[in-house]
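In case you want the letters, here they are:
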Amino acid sequence: MKNVFDYQIEFSGLQNRMAQMFDPKSGHTVMLAVDHGYFQGAPAGLINLRKTIEPLLQYCDAISPTIGGLKTSIDSRMRTPIILRATGGNSMRKPEELDDEIITVSVEEMVKLNAVGFTVSCYIGLDSQTQTIQNLTSLTEEAHRFGLVSIGITAVGADPILTKFVKGEREDGGELTQEDKKEAIKYLKHACRVLSENGADIIKTYYCEGFEEVVESCLSPIVIAGGTKRPTKEALEFTYNAIKAGAVGVDMGRNIFQNENPVAMIRAVRAVVHENKTAEEALHLYEKYTKE
Ligand code: 5RP
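1. Here we look at the site of the ligand
Then comes step 1: The local shell around the ligand holds 16 residues, among which Asp 35, His 36, Gly 226, Gly 253 and Arg 254 are the closest.
Then comes step 2: Within the side chain of His 36, one N or O atom sits 2.7 Å away from an oxygen atom of the ligand.
Then comes step 3: Here an oxygen atom of the ligand sits 3.0 Å away from a polar atom, N or O, in the side chain of Arg 85.
Then comes step 4: For the ligand, whose unbound accessible area comes to 360 Å², protein coverage reaches 95%.
Then comes step 5: Mapped by element, the contributors of at least two residues to the shell around the ligand are helix 2 (37–40), strand 8 (202–206) and strand 10 (249–252).
Then comes step 6: By residue class, the composition of the shell around the ligand is 7 nonpolar, 4 polar and 5 charged.

2. Regarding the pattern of salt bridges
Then comes step 1: Taken as a whole and assessed by the stated rule, the structure comprises 18 salt bridges.
Then comes step 2: Residue Glu 109 pairs with Lys 71 through a salt bridge whose shortest N-O separation is 3.9 Å. Highlighted residues: Glu 109 in helix 5 (residues 107–112) and Lys 71 in helix 4 (residues 67–73), separated in sequence by 38 residues.
Then comes step 3: Residue classification places Lys 71 among the exposed positions, given a relative accessible area of 54%.
Then comes step 4: Residue Lys 182 is joined to Glu 179 by a salt bridge in which the shortest nitrogen-to-oxygen separation is 3.6 Å. Placement of both Lys 182 and Glu 179 in helix 8 (residues 178–197) is noted, with a separation of 3 residues, approximately one turn of the helix.
Then comes step 5: Note on Glu 179: relative accessible area 49%, which makes it partly exposed.
Then comes step 6: Through salt bridges with shared partners, a single ionic network connects Asp 35, Arg 85 and Glu 101.

Thresholds applied
- Residues numbered from 1 in each chain as written.
- Predicted model: local features only at pLDDT ≥ 70, side-chain atom pairs only at ≥ 80, totals over all residues.
- Heavy atoms only, no water.
- Near = heavy atom within 4 Å.
- Polar contact = N/O pair within 3.5 Å; in protein donor to acceptor, adjacent residues only side chain to side chain.
- Areas by Shrake-Rupley, 256 points an atom, 1.4 Å probe, with all protein chains shown as cover.
- Helix = DSSP H or I, 4+ residues; strand = E, 2+ residues; numbered from the N terminus.
- Nonpolar A, V, L, I, M, F, W, Y, C, P; charged D, E, K, R; others polar.
- Salt bridge = Lys/Arg side-chain N within 4 Å of Asp/Glu carboxyl O.
- Buried < 20%, exposed > 50% of the residue type's maximum accessible area, 1.4 Å probe, protein only.

In structure tokens, the structure reads:
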């Protein structure tokens, strides 16, 4: 007897794009974020974008450039899935307006450049909250017509809570208190859930102690950004802790391309993300790769 539901009558382009970005065995991803220049100008480690990206490309499951970075610095014949930065319009020259982002890349441009998805920063709790959530919802709605993957970023650099949290210190440079850490979890839980309720397929945010709570209250899978450059051991530790807490991968930039040995670092991050190595085991691998 035949059951109509035994037949496959649909193919999901979006799922297929997710399958290109995520390792089928681990269900995790190591994406390389190199879009910082859209508001930072030329940050350390990204001065020569092509030179930075080339040796790392073979080790990333996806790459997150800006449209300018893609057009000028990534070879069209490369086969790594592209996640395009799709919002901006701000710059560090006007830090007080960092949250004032607009849509800067159309879905048509994403399709033309063969991106599998895009990122949108949303500044939850700041003046531009409505505008940046609308950036996410309008781009996601149109992009889903073409099966593209939408990644919502609970952005930093503008929110006082996150700024001190991501920097890992208080405004006065003092240690973060337990209160600060509780505040950060509350903010990240809230912001990640708002982005997932508004339709982001994947959320990108920062790791914090108690990250399990952020994962549990979010409807969508979460990848972590790395934030400002930390010592190698520390970066591998928060990567391990984030995966253990339920993150499905990283979309990491500065902790890879500003590391003393970026190739060794991305390979060590892969060992944590895809092979469940501990931070200590990954650090040994890092030291081994550094000598290769
Ligand atoms: C701000 C971004 C970056 O892609 C994101 O912060 C990831 O980079 P990093 O690991 O360096 O924080 O959205 O440019």
